[in-house]
Amino acid sequence: MDPVRNLTKKLIEAQSWAEGIRDCLAKIEKCSSRCDHDIEKVHSECVNKLLCFDPAPCNEPRHHKLKEYKEDAQVLIREIESVLSTSSEVSISELEKLYSRARDFPIYIKEIEILVQKISSAKVWMDNVRKCTSETRPAAIEIDFLQKLKLEMLELQLLFPEKELLLDLLRQAESCAAKCKQILKSPISLKKLEMLLQELDSFVVDIPELKLLKQYRSDAVLWISRFNDVLVNIHEREDQENVVEELNCILKDGSSLSIQVDEMSLVEIELNKACCRKKALEARAIKMDLDFIHQLIVEAVELQIDNETLFVDMSKVLEAAICWEERAAHILSTKATMPEFEDVIRSSEDIFAILPSLNSVKDAVLIAKSWLINSKPFLKYVSSAVPDSSFSLTIEALKDLVLQSKLLKISLGERAMLETVLEKCEEWKNDAYSFLEVAEGIFNMNDICNRITTDITSRIEQLFTPIEFIIAAGIALRVNFFEIPKLQNACSRLRWCFKALSFCSIAPSLEEVERLMKEKDQLSITYPSGSFWCSLVDGVKWVKKALELTIVPFNQRCNLSDAEEVLEESKRLKVSFPVMVDRLANAIEKNKLWQDQVQSYFGLNSDERAWTLLLHLKEQGLANPFGCPELDMVSFEVEKVERWKSRCKDIGDLSKIKHSLDISLYIYNKSKGSRTRNLCIWCATDFEDEEFLTCSICKYCYHFQCAKELADINDANSYICSYCQVLKSGSISLNGCAPLKFVAERAELKILIDLLSDSKSFSVCIEEREILRGLVEQALKCKAYLTEIVEFALTYRAEDFSIITDKLVVALKAVEVAGLNDDHGNRNFELALARNSWRVRVHKTLESSQKPLIQQIESFLEEGLAITMPPDDHFRRKLEEMKSIGMLWADNAKKVAADSGELGLQEVYNLIEEGENLPVHFEKELKLLKDRSMLYCICRKPYDHRAMIACDQCDEWYHFDCIKLGSPPEIYICPACSPHKEGSTETLSVTRERVIGTNYREPKTPSPRPTKLRRKPKKSKSISARKNVDVVSSGISLLFWSNRKPFRRAARRRTKLETLSSFFHLQRPM
């Protein structure tokens, strides 16, 4: 077969070559016959490729004609290459003729592009040269552009008529550039430069050196123009500092010019003048000393600008300053008056210059004015008759001012007045010393007896007025005499003594005594205290102690023994206070009588001690100012009982609590079958002739009216109270349905027991203790009943829990109605209620017609562990058994669902049937097993998350790797449906016979199942496929029929080999 295939391949290649020869000649002849140059030509490379091919075993007659065209093309190529060579020089007209021949040739030659480029470059060069030779504008042509044209001419190697014109213009430009370079090497003046530039002004070539010379001339002209602008009215300008700055800039710029200018010397002269004017303006704006102004006038004379208005004004200022200095020297040498000095200072304000003697004149005036200011407080005494105590001047300062007045350079009349004030101050000091000696004699008096209230009081009163007068006179002198504080202190102490002596005849208040002692502490003792002063101070202190003892205090009381000691201390005082002594003695006697009454009260029996009498004794004891053990005993007993009563009030209304406990005991007793009256447990009253209802479960009775308030009543015979409804339903809380609940806040049983225990230590007979004892006894009975019920409920394990429910209903009613709370008992009771609720809910779930979910079973077991359900409880054991059986099946189901078809289909169906017969419902595991029972593809495996594709005709699903499919096509037809598409029934029957003959078992094709990895199907098709899967998965019996569709395969037809073309022939061997 290989020789045949090689021959066929050669024939196909030869046929393609012959067609290429014909097409190429057809295009060449078409181009030759038509003059249209836009027709696409045959490339020479294509012709060469066709002529280089070996035509055997084919023969093409037009092959030789194509060779002739190739030879003509090679001749034309050699001519173009010879013209384009750098060794030959031709004219541009010859190039255009050659280009015309190549363009008319029917074969495209690539060398024509180089020829076109060279012709185009030559034309561009000629246009540039013509523009340069015809240019008339100065400096319009760059010299570098001329150099570039010259280089292009050498590269083109053509004959140009404009060659000599270009070379002549380039020689002129080089000559001009050399001349400009020579000028730039040596210094040049502005006049010579202008002559050269005038000569070369109309040259058309732009020479860089010539352009630089023009720039030099432009800079010089601009510099001269700037200097001339500054000179305009230069002497009249006020901003001479700007003038100086501008001239400095001009001078600096002039030194940097590349050519020489004649105006440089003028700039320096004008700069010196401007600096001088600047100094003059500064002297006119700011005061300068006289030497500076004189030097400025001399400099202006040298610069010949002294006639300017500015310098004329400066000369006048200098003359006025010299005259002022002479007058100032005269008044300083002779002691003139203050007006003369002030006149000289005022005249200096008109002279705008720094005057050397001005500071000396001002210092003399300032010293004199300072002396007058310091002397004014002393001199004010002479001119003012009203004393002013705000001044505090020392006599030493007054003496210093008198000495300073002798050194003043100005003559003043206040000097004599100040000396008069000094004499008066010395006279006042003598009078003050005499009064201080009299006061000191009183304070040091030793002989103090009964004369105190008569002679000393009047003598002290007579000294107040003269001492106050001498103090006022000293203050009026405006001098800070150190004797004034001593006089004031002596006067204050005398007044204090006068007030203290007044306590001998009256009984003062404690506030008055404390105020007097506070004044004593504020007094400054300037000399040692005498015996009279100390005795009076000790007496006032005793009065304060006596008042503190006799006044009932708010916090701390003194002992009776302390009061007796204070009374004994009064006998040792040098100054007696009889009124206070009598008051203290009466208070001591009254307190002793009260102590005797307290001792007689506590001597009685505990039953005879009345609570009201104890309160009365406490009030009397608190009215006494002294403290004692009897008062503490009475107060302690009263406070203890009052605190106990306050705790009882905090509990609430004891009568309501007792009523609630009566109802609770009635409920407990009735549940035990005791013979009791029929009472309504809502209102706790007899029925008498009123209508009543009985609960059909707990058998408790209610008034018909009370029952209406509790709930709506439709059938009196089937009435069930709210408590029975709650417990039968399995709920733990009443959720607001607690009609018997105690309205007020519940009291704690432990608190009541503690209160009763605390009341045993009381020594007083009180009524509340007996009431509390009865409440505690009732509460303990209720607690015993509740404990019995709770212990029975917690130890119960049997299946029938109705007995527990009935007992818990009784306990719930009794606990709700009771007005007391027991934390320990209530916690156990709540646990019993929670266990009963759990049993009720588990029983309902297990007895329900619908199977419980495994999640419900696990939730119940977790809840049972939380409430500590015993392991031997009937319902807990049953739940654990159901969970154990179910979890074993679930683990097996998960393994089968993930085994990728390892287990047989019949075994999977048996496992599903077993799961549906369990007492627990496993929804997730059953769904996994049903999905596992569905088989797909030709491999007959369940869905294993591999990529799949559905047939667009039969909607059956196949794995990509099973059908050898790399990527999902737009439309896929499975092998079972492809024979019908091609109509090959004969091949299909042969295939079936082959399968049957080999005993092949036909695979079962499943219903379609979508996968996430297949290509996106049509919407309607996907929905229908999903519905089919859901319907088939609904039961075990339908799973057997979901895999019964036959699987078909078909072979594809072979394509016939078409005959080759007529020019096919065998090559004979040589």
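What counts, and at which threshold
Residues numbered from 1 in each chain as written. Predicted model: local features only at pLDDT ≥ 70, side-chain atom pairs only at ≥ 80, totals over all residues. Heavy atoms only, no water. Helix = DSSP H or I, 4+ residues; strand = E, 2+ residues; numbered from the N terminus. Buried < 20%, exposed > 50% of the residue type's maximum accessible area, 1.4 Å probe, protein only. Contact = heavy atoms within 4.5 Å. Areas by Shrake-Rupley, 256 points an atom, 1.4 Å probe, with all protein chains shown as cover. Core = buried A, V, L, I, M, F, W, Y, C linked by side-chain atoms within 4.5 Å. Salt bridge = Lys/Arg side-chain N within 4 Å of Asp/Glu carboxyl O. Phe/Tyr/Trp six-rings, centres within 6.5 Å; stacked < 30°, edge-to-face > 60°. Lys NZ or Arg CZ within 6 Å of the ring centre and 35° of its normal. pLDDT = per-residue confidence, 0-100. Axes fitted to C-alpha atoms, helices over the stretch in contact; angles between N-to-C directions. Left-handed = near helix turned anticlockwise from the far one by under 90°. Nonpolar A, V, L, I, M, F, W, Y, C, P; charged D, E, K, R; others polar. Patch = residues over 30% accessible without salt bridge, like charges linked within 9 Å, V, L, I, M, F, W, Y side chains within 5 Å. Lys, Arg positive; Asp, Glu negative; His and termini not counted. Charge placed at Lys NZ, Arg CZ, Asp CG, Glu CD. Parallel < 35°, antiparallel > 145°, perpendicular 65-115°, else oblique. Expected span 1.5 Å × (residues − 1). Arc of directions from axis to C-beta.

What about the overall build of the chain?
Item 1. When helices and strands are counted, the chain shows 40 helices and 14 strands.
Item 2. Burial statistics for the chain: of 1070 residues in total, 40% are counted as buried.
Item 3. Residue pairs at least 24 apart in sequence account for 71% of intrachain contacts in the chain once pairs closer than 6 positions are excluded.
Item 4. As displayed, the chain has an accessible area near 63000 Å², and 52% of this comes from carbon and sulfur atoms.

Looking at unusual backbone geometry
Item 1. Despite not being glycine, asparagine 233 has its phi angle at roughly 50 degrees, a positive value.
Item 2. Tracing the backbone shows asparagine 233 in the loop between α9 (208-231) and α10 (240-255).
Item 3. The class for asparagine 233 is partly exposed, based on a relative accessible area of 46%.
Item 4. Backbone geometry at glutamine 304 places phi at a positive 60 degrees, although glycine is not the residue there.
Item 5. Within the element layout of this structure, glutamine 304 appears in the loop between α12 (290-302) and α13 (309-333).

Focus: the nonpolar core
Item 1. Among the nonpolar cores identified, the biggest contains 80 residues, and Phe829 and Trp889 are the most heavily contacted of them.
Item 2. The element that contributes the greatest number of residues to this core is helix α30 (residues 768-795), accounting for 10 residues.
Item 3. Those residues in contact with tryptophan 889 that lie beyond four places of it in its chain are Leu911, Glu914, Gly915, Leu918, Phe922, Glu925, Leu926 and Leu929.
Item 4. Residues Tyr69, Phe105, Ala220 and Ala274 belong to the second largest nonpolar core, which totals 78 residues.

Notes on the pattern of salt bridges
Item 1. Tallying each qualifying case throughout the model produces 28 salt bridges.
Item 2. Between aspartate 253 and arginine 226 there is a salt bridge, and its shortest N-O distance comes to 2.8 Å. One end of the pair, aspartate 253, is in helix α10; the other, arginine 226, is in helix α9, and 27 residues separate them in sequence.
Item 3. Residue classification places arginine 226 among the partly exposed positions, given a relative accessible area of 32%.
Item 4. A salt bridge links arginine 346 to aspartate 343; the shortest N-O distance between them is 3.7 Å.

Let's talk about the packing of aromatic side chains
Item 1. In this structure the tally under the stated criterion is 6 aromatic pairs.
Item 2. Their ring planes at 15 degrees and their centres at 6.4 Å tell us that tryptophan 223 and phenylalanine 227 sit as a pair that is stacked. Of this pair, tryptophan 223 and phenylalanine 227 both sit in helix α9, separated by 4 residues, roughly a single helical turn. Side by side, tryptophan 223 and phenylalanine 227 carry an identical accessibility label, which is buried.
Item 3. Between phenylalanine 792 and tyrosine 796, the aromatic rings sit 5.9 Å apart at their centres with planes inclined by 45 degrees, giving tilted as the arrangement.
Item 4. For phenylalanine 792, a relative accessible area of 33% gives the class partly exposed.
Item 5. Positioned above the aromatic ring of tryptophan 533, the side-chain terminus of arginine 493 is 4.4 Å from the ring centre.

Focus on the environment of glutamate 241
Item 1. As for its position among the elements, glutamate 241 is in helix α10.
Item 2. Overall, glutamate 241 belongs to the partly exposed group, its relative accessible area being 41%.
Item 3. Separated by 33 residues in sequence, glutamate 241 and alanine 274 place their C-alpha atoms 7.9 Å apart.

What to know about the confidence of the model for the chain
Predicted coordinates in areas of low pLDDT are best not read in detail.
Item 1. In this model, the chain carries a mean pLDDT of 75, and residues with pLDDT of at least 70 account for 80%.
Item 2. Long-range and interchain partners of residues 980-1070, a stretch whose pLDDT sits below 50, account for 133 contacts in this model, where long-range means more than four residues apart.

Considering the packing of helix α4 (residues 92-104) against helix α5 (residues 111-134)
Item 1. Remark: α4 packs on α5, axes separated minimally by 10 Å, with the N-to-C direction vectors making an angle of 150 degrees. Relative to α5, the crossing made by α4 is left-handed. Touching Ile92, Leu95, Glu96, Leu98, Tyr99, Ala102 and Arg103 of α4 are Ile112, Leu115, Val116, Ile119, Ala122, Lys123 and Met126, all from α5.
Item 2. Here the contact of α4 with α5 is built from residues that sort into 11 nonpolar, no polar and 3 charged.

A look at a negative patch on the surface
Item 1. A cluster of acidic residues, Glu511, Glu512, Glu514 and Glu548, forms a negative patch at the surface.
Item 2. Looking at the negative patch element by element, the count peaks at 3 residues for helix α20 (residues 510-522).
Item 3. Residue position: glutamate 514 is located in helix α20.

Structural notes on the environment of serine 967
Item 1. Here serine 967 shows up in the loop between β14 (957-959) and α37 (978-982).
Item 2. On a C-alpha basis, the gap between serine 967 and isoleucine 949 in space is 10.0 Å, while along the polypeptide they are 18 residues apart.

Thoughts on the packing of helix α19 (residues 483-502) against helix α21 (residues 531-550)
Item 1. One can describe the packing of α19 onto α21 by two numbers: an axis separation of 10 Å at closest approach and a directional angle of 45 degrees. The angle between α19 and α21 falls in the class oblique. α21 is crossed by α19, and the crossing has left-handed handedness. Contacts between α19 and α21 involve Arg493, Trp496, Cys497, Ala500 and Leu501 on the former and, on the latter, Phe532, Trp533, Leu536, Val537 and Val540.
Item 2. Class assignment of the residues belonging to the contact of α19 with α21 gives a composition of 9 nonpolar, no polar and 1 charged.

Considerations on helix α6 (residues 143-156)
Item 1. Its 14 residues give α6 an end-to-end C-alpha distance of 20 Å, which sits within 8% of 20 Å, the value for a rise of 1.5 Å per residue.
Item 2. Of all the positions in α6, only Ile143, Leu146, Leu149, Met153 and Leu156 are classed as buried. Taken around the axis of α6, the buried residues stretch over an arc of 145 degrees, which confines them to a single face. Exposed positions of α6 whose direction lies more than 90 degrees from the buried face are Asp144, Leu151 and Glu155.

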